[in-house]
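# Chain and residue survey
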Amino acid sequence: VGGTVEGLTGTLVIANNGADELIITEDGSFTFGIPLADGSAYEVTIVTQPDGDLCSVSNGTGTIAGANVTNVEITSQEQPVLGTNYYAVDDDAKFYEFQADKSLLEKSGKGLNDFSSVTGLAYDSNNDILYGFSAEDGTLLSIDRTTGVGTAIAKLASTEIVDIAYDYDADKLYGVNYSFGQLLEIDVTNGEITSVYTHELLEGVFGLAYDDFKLYGSNSSEELLSIPITPGTPTVLGGTLGVSRGLAYDNANSKLYGAYADNSTDKAMTLWEFNNINGFPTEVGATGLIASNGAGLAYVDGDAQLLATSGFDFENPAKLYEVNSSDGTTVSIGSAGYNINDELAWRG
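We now turn to the structure provided with this report. Along each chain, the written sequence defines residue order, and numbers are assigned to residues from 1. Owing to the predicted nature of the model, reporting of local features is limited to residues with pLDDT of at least 70; listing and counting of side-chain atom pairs is limited to 80 or more, with chain, interface and lining totals taken over all residues. Only hydrogens and water are removed before side-chain values are computed, so all heavy atoms of the structure are retained for them.

## Side note on the overall build of the protein chain
Cut-off, in case you're wondering: Strands are runs of DSSP state E lasting at least two residues, helices are runs of H or I lasting at least four, and both sets are numbered from the N terminus onward. Each residue is placed in one exposure class: buried if its accessible area under a 1.4 Å probe, protein chains only, is under 20% of its type's maximum, exposed if it is over 50%, and partly exposed if it falls in between. Every accessible area reported is derived by Shrake-Rupley at a probe size of 1.4 Å, with residue values counting cover from the shown protein chains alone.
If you tally the helices and strands in the protein chain, you get 0 helices and 32 strands. Counting over 348 residues, the protein chain shows a buried share of 49%. Accessible surface, the protein chain as shown: approximately 15,000 Å² in total, 46% of it carbon and sulfur.

Structural data, given as structure tokens:
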């Protein structure tokens, strides 16, 4: 299995099927050292990103079919500089932007043209568009990041979507109908929905994250999933030890984090790291935070930092925290000014 690398300026470490690692330091062709038998599956992933660069893999998965694989493509580009581009929206349709000091600035009160129950946010880096989904009536929104004003793109045929994820490779959105377990492909121009496939593992999916031609999802059966974006079978990577509504992916170190609040009386929240090959969960540590279900998580690549929100009930405002990804300890940044928040997103 091999291919080519383009745009590399540092040292890149890749792996095939999570085992055969290869160190690459310059552009050109590469071939993994361990050959595979005909009919074997392969999956090329990034183990370690180059300092200051961000690499992505194309044509990275498939099955050996009587010949060498030579079309795996890895492209590298300079990592974006960290800006003040953190966004949140509450149940009352107020739109917020996190400032450089991590305080919250309300960009608009009822700014999403009075759309409420905005349960999903996804950023389109190709066109600088922030998408939102209103579960109230199934409206797909385009949100102006400067003013917070939401413009209806279309009403979707399904309202049973909790989160959406943007596929920057194909310029499309994904959602999951959590009642029927359908993976849905959403046209970003007219909101037209295409059912990709249906699978029982997708029933109750609350969180979605896109990464290099696949989706990560967490469902109500307390399972972490790897979800193919073409008709196939989702893979249970492991148990999330609870419904992890907050998922965050550390691109630089290929680590997936989840936050889980034990649904017991104390509702104490722990930080977990999930192996994104086999889903094996490792408890990082107790956060000291209290939450009713889960918490929003976002990983800030430029600062190598996790952010989390935690809210217990509608009587107490949610707070924003910095989370140490080594031991799970937290430092309070301040009150988010609104109540329970289940997800965060970071835009580089």
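On we go.
## Considerations on the sheet that holds strand β2 (residues 12–16)
To keep it simple, the criterion reads: Strand pairing requires that DSSP identify at least two bridges connecting the strands. Each axis is a line fitted through C-alpha atoms, taken for helices only over the stretch in contact, and angles between the N-to-C directions span 0 to 180 degrees.
The 4 strands are arranged β3-β2-β5-β7 in an open sheet whose pairing can be described as antiparallel. The sheet is open, and its two edges are formed by β3 (20–24) and β7 (61–63), each paired on a single side. Adjacent strand axes in the sheet meet at a mean angle of 25°, parallel and antiparallel pairs treated alike.

## Concerning the sheet that holds strand β13 (residues 129–134)
Sheet architecture is open: 4 strands sit in the order β12-β13-β14-β15, paired in antiparallel fashion. Because the sheet does not close on itself, it has two edges, and the strands there are β12 (118–124) and β15 (150–155). Averaged over all pairs of adjacent strands, the angle between strand axes in this sheet comes to 25°, irrespective of strand direction. Where strand β14 (residues 139–143) meets β15, 5 bridges bridge the pair, whose relative direction is antiparallel. Following the sheet pairing, Leu-141 is matched in β15 by Ala-152.

## As for the pattern of salt bridges
So the rule is basically this: Within this document, salt bridges are pairs made up of a side-chain nitrogen of Lys or Arg and a carboxyl oxygen of Asp or Glu, the two lying within 4 Å of each other.
Scanning the model with the defined rule gives 2 salt bridges in all. Where Glu-185 meets Lys-172, a salt bridge forms, and the shortest distance between an N and an O atom there is 3.3 Å. Taken together, the residues span a long stretch of sequence, with Glu-185 in strand β18 (residues 182–186) and Lys-172 in strand β17 (residues 172–177) at a distance of 13 residues. For Glu-185, a relative accessible area of 24% translates into the label partly exposed.

## Observations regarding the pairing of β14
Most of β14 is tucked away: 4 of the 5 residues are buried. Where β13 and β14 come together, 5 bridges link them in antiparallel fashion. Pairing of Phe-133 across the sheet is with Leu-140, part of β14. Two successive antiparallel strands, β13 and β14, enclose a turn made up of 4 residues, where Gly-138 displays a positive phi of approximately 75°. Turn length for the β14-β15 hairpin, with the two strands adjacent in sequence and antiparallel, is 6 residues, and the turn residue Gly-148 shows positive phi of about 80°.

## Here we look at the environment of Asp-128
We apply this condition: Note on contacts: a residue pair qualifies if any of its non-hydrogen atoms lie within 4.5 Å across the two residues.
Looking at the secondary structure, you find Asp-128 in the loop between β12 and β13. Filtering out sequence-adjacent residues up to four positions away, Asp-128 remains in contact with Tyr-123, Arg-145 and Arg-347.

## Re the nonpolar core
Put simply, the rule reads: Put simply, buried Ala, Val, Leu, Ile, Met, Phe, Trp, Tyr and Cys residues joined by side-chain atoms within 4.5 Å make one nonpolar core.
Judged by nonpolar contacts, the single largest core of 17 residues is most densely connected at Val-1, Leu-12, Ile-14, Phe-30, Val-72 and Ile-74. Breaking this core down by element, the ones donating at least two residues are β2, β5 (41–48), β6 (53–58) and β8 (72–78). Those residues within four positions of Leu-12 in sequence are excluded, and the remaining contacts are Leu-22, Ile-23, Ile-24, Ile-46, Thr-48, Pro-50, Cys-55 and Ile-74. Residues Val-176, Val-196, Leu-208 and Ile-227 belong to the second largest nonpolar core, which totals 15 residues.

The quantities given are spatial measurements derived from coordinates; they are silent on function.
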